[in-house]
Amino acid sequence: NGVYDGEWVAGKASTVQSIDPATGRVIAEVTTGSVQDLERCLSAGVAAYQEWKKLPAPFRGEIVRQIGDELRKFREPLGKLVALEMGKILPEGVGEVQEFVDICDYAVGLSRMVGGAVFPSERPQHTILEKWNPLGLVGVISAFNFPCAVFGWNAAIALTIGNTVLWKGAPSTSLVSVATTKIVADVIKRNNLPPVVTLCQGGDDIGKQMVKDERVKLMSFTGSTAVGRTVGVEMQRRFGRCLLELGGNNALIINEDAPQEMALDAAFFGCIGTAGQRCTTTRRLIIHEKLYDGFIQKLVKRYTNLMQRVGHPLDQATLYGPVHNQQAVENYKQTIQEAVALGGKIECGGKIINRPGFFVEPTIISNLPHDAPVVKRETFAPIVYVFRAKNLTEAISWNNEVDQGLSSALFTNNIQSAFQWIGENGSDCGIVNINTSPSGAEIGGAFGGEKHTGGGRESGSDAWKQYARRSTIT
Ligand code: NAD
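Definitions and cut-offs
Residues numbered from 1 in each chain as written. Predicted model: local features only at pLDDT ≥ 70, side-chain atom pairs only at ≥ 80, totals over all residues. UniProt positions renumbered as here; feature names shortened; annotations may be inferred. Helix = DSSP H or I, 4+ residues; strand = E, 2+ residues; numbered from the N terminus. Rg over C-alpha atoms; globule rule 2.2 N^0.38 Å. Buried ≥ 20, exposed ≤ 12 C-beta atoms within 10 Å, placed from the backbone. Pairing = 2+ DSSP bridges. Axes fitted to C-alpha atoms, helices over the stretch in contact; angles between N-to-C directions. Contact = placed C-beta atoms within 7 Å. Right-handed = clockwise from strand over helix to strand, strands pointing away. Domains from an automatic or database assignment. Near = placed C-beta within 6 Å. Parallel < 35°, antiparallel > 145°, perpendicular 65-115°, else oblique. Left-handed = near helix turned anticlockwise from the far one by under 90°. Core = buried A, V, L, I, M, F, W, Y, C linked by C-beta atoms within 7 Å.

- The protein goes by aldehyde dehydrogenase (NAD(+)) in an unreviewed UniProt entry, where it is assigned to Anopheles maculatus.
- For the protein, the Sequence similarities (unreviewed entry) comment in UniProt is given as "Belongs to the aldehyde dehydrogenase family."
- The UniProt entry for the protein carries the following text under Subunit (unreviewed entry): "Homotetramer."

Below, the structure written as structure tokens:
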């Protein structure tokens, strides 16, 4: 049953098949919600908000603490399910659940710390205060590649602030949506609370309806830039609030003075992790011309060795698993054809791996102009483009010339270069790393990107403010 409105019900729309990307086999079928099912979830979420918002924030934090503890109990099996259904390797699947646990801990702290401000008034005997209040029902629509953590990042903070949450996960990861919601819903029931979290699995029809509905006060959308653009326009049309976490096209720059072994590890992990299906995956390597040849040689060697570690994500020895579905294989094929037609040279990879499931070779492509259309687009597959730069200023300008602005990294041991990189003449991305991979993120900082990545921020720092409305009080 893919719908939870306080009770688990069979969605009335249709069923969606859950497929193991490493074998292509159907592992389950999940019923998805109809518009009527969604309506029940919306009403339940709005009604639950009336009670939930009245509870003291530290009490809400206590419920989130219990959710974190419950997730700790199910860390391994839920992590396995993430690996099985999404196709990422087991440590990454378990790591995703751990991120949800971590954000729960963070939110518990927040529940006793969210503060306002007091400002001087220009009038005598007046005081200006700022207080943060909840918004109401928060909608979360998530992508297939982080089927558990993205919901967790949103839900832990949104609930602590006093909102209720309605979730729609990607249709192809419906089992993870159901399993994660069950863990959360059990805690809520045990505490005799109304359904402060509801779930309506479905496709773009349910997504569109959630975006349109005025009762959804904030729409937190994680997915492609193309869909995010329609979500953003619709939310603006109805003056709803929107948190967009969209596509990336992340570069890693290796400067003349880079710590080279460290850069090699970071580039390798950043390119091939999650088989190139992270929003923060390294998609462009910009290497100083003096280091270029040696670096590419070493990276190709790593890629070649990796082929010994291709396998099922649940197998302990596997370091590189499948892409998520046949569509991803097609996108990979088309992009490689386009790159080659534009004069790209395949340094390694480039082919589909002959085994069941959706496996493709991790691929390095050189010889393309830094601003070729194929380079400027996000292809959600393990393909990286490599470029030879004359100096850091040129490398930074290439880093910034794409539409997306999610993550970036510079490898350097030069303090002047480091400060150039983090300042106004540096990277224009939301995540600006030095001597560590652009791939992945910690929950402590605000996560998100600029430009066509949507501008949203989730997780740490003051990202909680996105889930609250500001009251200025005199
Ligand atoms: P997608 O845009 O195809 O789908 C994302 C979600 O939107 C799914 O749940 C889908 O059912 C739903 N949806 C589809 N059409 C909709 C519509 N018209 N209205 C409302 N909802 C709709 O993305 P995907 O292929 O699942 O995920 C990959 C993309 O997500 C990549 O571009 C990746 O970079 C991005 N992503 C970004 C972040 C981030 O934090 N910036 C994190 C993960 C993934």
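Some details on the overall build of the protein
So, step 1. Within the protein, the secondary structure is distributed over 14 helices and 23 strands.
So, step 2. Here the C-alpha radius of gyration of the protein, 23 Å, is about what a compact globule of 474 residues would show, namely 23 Å.
So, step 3. Projected onto its principal axes, the C-alpha coordinates of the protein cover approximately 65 × 65 × 40 Å.
So, step 4. In the protein, which comprises 474 residues, the proportion classed as buried is 55%.

Digging into the sheet that holds strand E14 (residues 345-348)
So, step 1. Reading across the sheet, the seven strands line up as E14-E15-E16-E13-E12-E18-E19 and stay open at both edges, with mixed pairing between neighbours. Since the sheet does not close on itself, it has two edges, and those belong to E14 and strand E19 (431-434), each with one partner. Averaged over all adjacent pairs, the angle separating strand axes in this sheet is 25°, with direction ignored.
So, step 2. For strand E18 (residues 407-411) and E19, the ladder comprises four bridges, and the chain directions are parallel. The residue of E19 that forms the bridge with Ser-408 is Val-432.
So, step 3. Here helix H10 (residues 292-306) sits on the sheet in contact with strand E12 (250-254), strand E13 (282-288), E14, strand E15 (363-366) and strand E16 (383-389), set at roughly 60° to E14.
So, step 4. Strands in contact with helix H11 (residues 326-341) are E14, E15 and E16; relative to E16, the strand with the most contacts, it is inclined by about 30°.

Points about the environment of Thr-318
So, step 1. If you trace the backbone, Thr-318 turns up in the loop between H10 and H11.
So, step 2. Note: C-alpha distance between Thr-318 and Leu-306 (12 residues apart in sequence) is 9.4 Å.
So, step 3. Those residues in contact with Thr-318 that lie beyond four places of it in its chain are Ile-89, Arg-309, Gly-311, His-312 and Pro-313.

Points about the UniProt feature "domain: Aldehyde dehydrogenase" (unreviewed entry) in the protein
So, step 1. Mapped onto this numbering, the UniProt entry annotates "domain: Aldehyde dehydrogenase" (unreviewed entry) at residues 8-472.
So, step 2. With 40% helix and 22% strand, the stretch residues 8-472 has end C-alpha atoms that lie 41 Å from each other.

Some thoughts on the sheet that holds strand E7 (residues 137-141)
As a general point, the strands of a sheet are linked pairwise by backbone hydrogen bonds and lie either parallel or antiparallel.
So, step 1. Read from one edge of the open sheet, seven strands run E2-E1-E9-E8-E7-E10-E11, paired in mixed fashion. A single partner strand is all that each edge strand has here, and the edge strands are strand E2 (8-9) and strand E11 (241-245).
So, step 2. Along the sheet face, helix H1 (residues 35-52) touches strand E1 (3-4), E2, E7, strand E8 (164-168) and strand E9 (197-200) and points at about 160° away from the line of E8.

Here's the deal with the pairing of E13
So, step 1. Counting buried positions over the seven residues of E13 gives seven, a clear majority of the element.
So, step 2. Where E12 lies against E13, five bridges are found, and the strand directions are parallel. Bridge pairing in E13 places Ile-254 opposite Ile-287.
So, step 3. As a crossover connection, the stretch from E12 through helix H9 (residues 260-272) into E13 is right-handed.
So, step 4. Of the strand pairs in this sheet, E13 and E16 are connected by five bridges, and their pairing is parallel. Bridge pairing in E16 links Leu-285 to Val-386.

Overview of the domain arrangement of the protein
So, step 1. The domain boundaries assigned to the protein delineate domain 1 (3-246 + 454-473) and domain 2 (250-442).
So, step 2. Summarising the inter-unit geometry, the C-alpha centres of domain 1 and domain 2 are found 30 Å apart.
So, step 3. Contact residues are listed per partner, giving 16 residues for domain 1 and 16 residues for domain 2.
So, step 4. Listing elements by their share of the side of domain 1 that touches domain 2, those giving two or more residues are helix H3 (75-86) and helix H4 (90-111).
So, step 5. At four residues, the largest contribution of residues to the side of domain 1 that touches domain 2 is made by H3.

Quick look at the site of the ligand
So, step 1. Neighbouring the ligand are 29 residues; Ala-143, Gly-207, Gly-223, Glu-245 and Cys-279 lie closest to it.
So, step 2. Put simply, the parts of the chain that give the shell around the ligand at least two residues each are helix H7 (204-212) and helix H8 (225-237).
So, step 3. Broken down by element, the residue count for the shell around the ligand peaks at four residues, all from H7.

Some words on the UniProt feature "active site" (unreviewed entry) in the protein
So, step 1. When the UniProt feature table is mapped to this numbering, "active site" (unreviewed entry) covers Glu-245.
So, step 2. Within the secondary structure, Glu-245 sits in strand E11.
So, step 3. Discounting chain neighbours no more than four positions away, the residues touching Glu-245 are Thr-222, Gly-448, Gly-454, Gly-456 and Glu-458.

Observations concerning the packing of helix H2 (residues 57-73) against helix H5 (residues 149-161)
So, step 1. The interhelical angle for the contact between H2 and H5, taken along N-to-C directions, is 155°, at an axis separation of 8 Å. Comparing their axes, H5 and H2 come out roughly antiparallel. As H2 packs across H5, the resulting crossing turns out to be right-handed. When H2 is examined against H5, the residues Ala-57, Arg-60, Gly-61 and Val-64 are found in contact with a partner set consisting of Ala-156, Leu-159 and Thr-160.

Section: the nonpolar core
So, step 1. Counting residues in each nonpolar core, the largest one holds 84 residues, and the members touching the most others are Cys-104 and Val-165.
So, step 2. Apart from residues lying up to four places away in sequence, Cys-104 is in contact with Val-64, Arg-65, Ile-67, Gly-68, Leu-71 and Ala-156.
So, step 3. Counting 49 residues, the second largest nonpolar core, distinct from the first, contains Ala-263, Phe-268, Cys-271 and Ile-336.

Some words on the environment of Val-9
So, step 1. By the secondary structure assignment, Val-9 is in strand E2.
So, step 2. Residues Val-9 and Gly-24, 15 residues apart in the sequence, show an inter-C-alpha distance of 28 Å.
So, step 3. In this structure, Val-9 is in contact with Asn-1, Val-3 and Asp-37, ignoring residues within four places of it in sequence.

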